[in-house]
Amino acid sequence: MKHCEYQQIDPQALSTPTPTLPPQHAVVQEEKKGETARRKWEVFPGKNRFYCDGRIIVAQQSGVLPLTLGLILVTTVLFFVFDCPFLLKHLTVFIPAIGGVLFVFVVISLLQTSFTDPGILPRATPDEAADIEKQIDNSGSSTYRPPPRTKEVMINQQVVKLKYCFTCKMFRPPRTSHCSLCDNCVERFDHHCPWVGNCVGKRNYRFFYTFIVSLSFLTVFIFGCVATHLALRAQGGRGLMFALQESPASAVELVICFFSVWSILGLSGFHTYLVASNLTTNEDIKGSWSGKSGTEDTGNPYSYNNIITNCCSVLCGPMPPSLIDRRGFMPVEESSQTVATEVELAAKNEINVCTQGTKDLLESASRSPCPQAGKPQTVSTSCPDSIDPADPAVTFNPDVTSDPVAVPSLKCGGRHHSHTTSPPDEPRQLHHHHNRHHKTRSARSSSKRAALHISNPAYNVSLSPPTSPGLGPSHGTGAEEHVRDSFATLH
Amino acid sequence: MERAGTHGEMTLTGEKRDWTHSLQDMRQQAAIAAKVFIQRDYTNGTVCQFQTKFPSELETRIDKQQFEETVRTLNNLYAEAEKLGGSSYLEGCLACLTAYTIFLCMETHYEKVLKKIAKFIQEQNDKIYAPRGLLLTDPIERGLRVVEVTIFEDRSLGR
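Since this is a predicted model, take the numbers as computed values, not measurements.

**Student:** Kindly report on the overall build of chain B, identifying the contributing residues and their values.
**Tutor:** In terms of regular secondary structure, chain B is built from five helices and three strands. Along chain B, from the amino end to the carboxyl end, the secondary structure elements read α-β-α-α-α-α-β-β. The long-range share in chain B, meaning contacts at least 24 apart out of those at least 6 apart in sequence, stands at 60%. With the model as given, the accessible surface of chain B reaches about 8,000 Å², and the carbon-plus-sulfur share is 53%.

Right under this line is the structure:
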């Protein structure tokens, strides 16, 4: 029964060589073959940068993070070098100790704020987006797309409007906002902080709060200590100028601390108020719950109406996980199966023949490739013409033949599809792994397109989602963008 | 289900492999007829809850009560993950005192519950949904936005 069917299809099936193993094994197998499976961060559609193989995430521009770090480091180092010895001698050993602890807290929380995923929502998969579109079309009667798209939900007996995000192709959950700098929807979006070089959202708000509170303590502490230091030196009628001459670094510290203490203290106070009322900066600025909209019963529906509970829930609540799964491997098999399973068995056989033909073509450069399935004109014209056997980018790709449907999905992953072509292309591939930017994208675009069309003509058929116009393979970058976008939404 | 020859020894474990094979079969052979998305339910705020409304596309495939039971259990698990209580506060305060460095070493309560949820979904798939030609996708793979139910075509089943 099932086993018979399984065995029948097995030799012709286009799934991975060892279908009995779970997908993870298949991915690992691919790794061992020499083609490293892609991690999800490498094809992330937002404008973030990743380091340490996806462990560290930052915004596209680091903003003034180096300046922030630099100021903190310089001030604290000057403090330890020039003021601490004096104060240690004349006052107490606790001063450098406290200073040290505060400094460590500040730096750690700053780095955590900068390098943590703020609560980025992965974009909707094409299926999800299509489903939502269908629902919208069903509820609305017009044939055109009416902007803006909103959905109303009841939250704690209050009406809240959810907006549709056109970039991420989903209705944003409450309190989620799309950051244009990072090009991501972020949950419980507070603000994008240039000082920290990252968005502040659900996951890193507590780090941010710890940072500004400990920084305000540190600033006040250093300011106080330096003032004490100068006062002690100026004792005995020697005057402030004398003290400053003896310790000029203290003057620098005083200036820095004086100017930053007001803003930092102010910011801490503001965020303490936000935490206590369970608000975000975004909501506060927009006045979402302040009742300006006119209705009397707008209050914050998320507040627990108890300061302590609000504080605890924001700062001490459970740490939500990162939803973007940066270090997970790209679901090669899944996406290939999604594509494959959408095609009838007959088409699969044709593809198989086609890829066999491709393999032969590439090997011998003599046989004509494929029969038709999908768009015959593209297949027949692009097969012989665009493949240049001498072109290293389109060299014989053993994985194309064994798993042709997987290759296009690999190739089309996000912005970095150009990196994921032929595994035999070792040197270039290595280069790409260290280089996230699509420098060679334009150079490879034609070869990628060619390979894409040869390997899976049926892919072209299934790749036209309902919302987008048909894929025109001969239309240069248009197709590329379209393919990229379709797969960008996978994440 | 016995196979001849080298697979003759597969008897006791045969049934278990049957389930796994049926899942693999479905993923590899069966065409996807449709996908149903169970959206989030925001009536209680931003906590992760899913709508228990029974989608019409599943009417022919599964019992309404069964399905609602699955979603309700899922909701309870997520509520447990996000619960504000003594233990979560303790974890939070301890983390704060150590400048949140313990998050680098320790697995958080939420992550532990997520593992439980993954196991629950796999179990449900194996026991209830796979035999009916359905497949639940763990919401974490969709960013906790939806519960994706894949409906496979009937031809590979019930023979």
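From this point, the discussion proceeds with the structure in view.
**Student:** Would you mind going over unusual backbone geometry in detail, with residue names and values included?
**Tutor:** Residues and elements named next belong to chain A. Even without being glycine, Arg175 reaches a positive phi, approximately 70°. With respect to the helices and strands, Arg175 occurs in the loop between strand S6 (170–171) and strand S7 (177–179). In the Ramachandran plot, Asn305 falls in the positive-phi region, its phi being about 60° despite a non-glycine side chain. Relative to the elements of secondary structure, Asn305 occurs in the loop between helix H9 (281–286) and helix H10 (307–315).

**Student:** Can you break down the nonpolar core residue by residue, with the values?
**Tutor:** Residue and element names in this part refer to chain A. Residues Ile72, Phe79 and Phe211 are the most contacted members of the largest nonpolar core, which totals 44 residues. Only helix H3 (65–90), helix H4 (94–115), strand S4 (150–155), strand S5 (158–165), helix H6 (205–233), helix H8 (248–276) and H10 provide two or more residues apiece to this core. It is H6 that contributes the most residues to this core, 12 residues altogether. In this structure, Ile72 is in contact with Phe103, Val106, Leu110, Phe211, Leu215 and Leu218, ignoring residues within four places of it in sequence.

**Student:** Provide a residue-level description of the pattern of salt bridges, including the pertinent values.
**Tutor:** Scanning the model with the defined rule gives 15 salt bridges over all chains in all. Residue A:Arg123 is joined to A:Asp183 by a salt bridge in which the shortest nitrogen-to-oxygen separation is 3.0 Å. Pair noted here: A:Arg123 is in the loop between strand S3 (120–121) and helix H5 (126–139) and A:Asp183 is in the loop between S7 and strand S8 (184–186), with a separation of 60 residues, a long-range link. A:Asp183 shares its class with A:Arg123; the two are buried. Residues participating in the shared-partner salt-bridge network are A:Asp127, B:Lys35, B:Arg142 and B:Glu148.

**Student:** An account of the confidence of the model for chain B is requested, with residue identities and associated values reported.
**Tutor:** All names here are of chain B. Here chain B averages 80 in pLDDT, and 78% of its residues register 70 or above. Residue range residues 1–12 is modelled with pLDDT below 50. Its contacts to residues more than four positions away, or to other chains, number 10 contacts. Complex prediction metrics read pTM 0.66 and ipTM 0.78.

Rules and cut-offs
Residues numbered from 1 in each chain as written. Chains lettered and ligands numbered in written order. Predicted model: local features only at pLDDT ≥ 70, side-chain atom pairs only at ≥ 80, totals over all residues. Heavy atoms only, no water. Helix = DSSP H or I, 4+ residues; strand = E, 2+ residues; numbered from the N terminus. Contact = heavy atoms within 4.5 Å. Areas by Shrake-Rupley, 256 points an atom, 1.4 Å probe, with all protein chains shown as cover. Core = buried A, V, L, I, M, F, W, Y, C linked by side-chain atoms within 4.5 Å. Buried < 20%, exposed > 50% of the residue type's maximum accessible area, 1.4 Å probe, protein only. Salt bridge = Lys/Arg side-chain N within 4 Å of Asp/Glu carboxyl O. pLDDT = per-residue confidence, 0-100.

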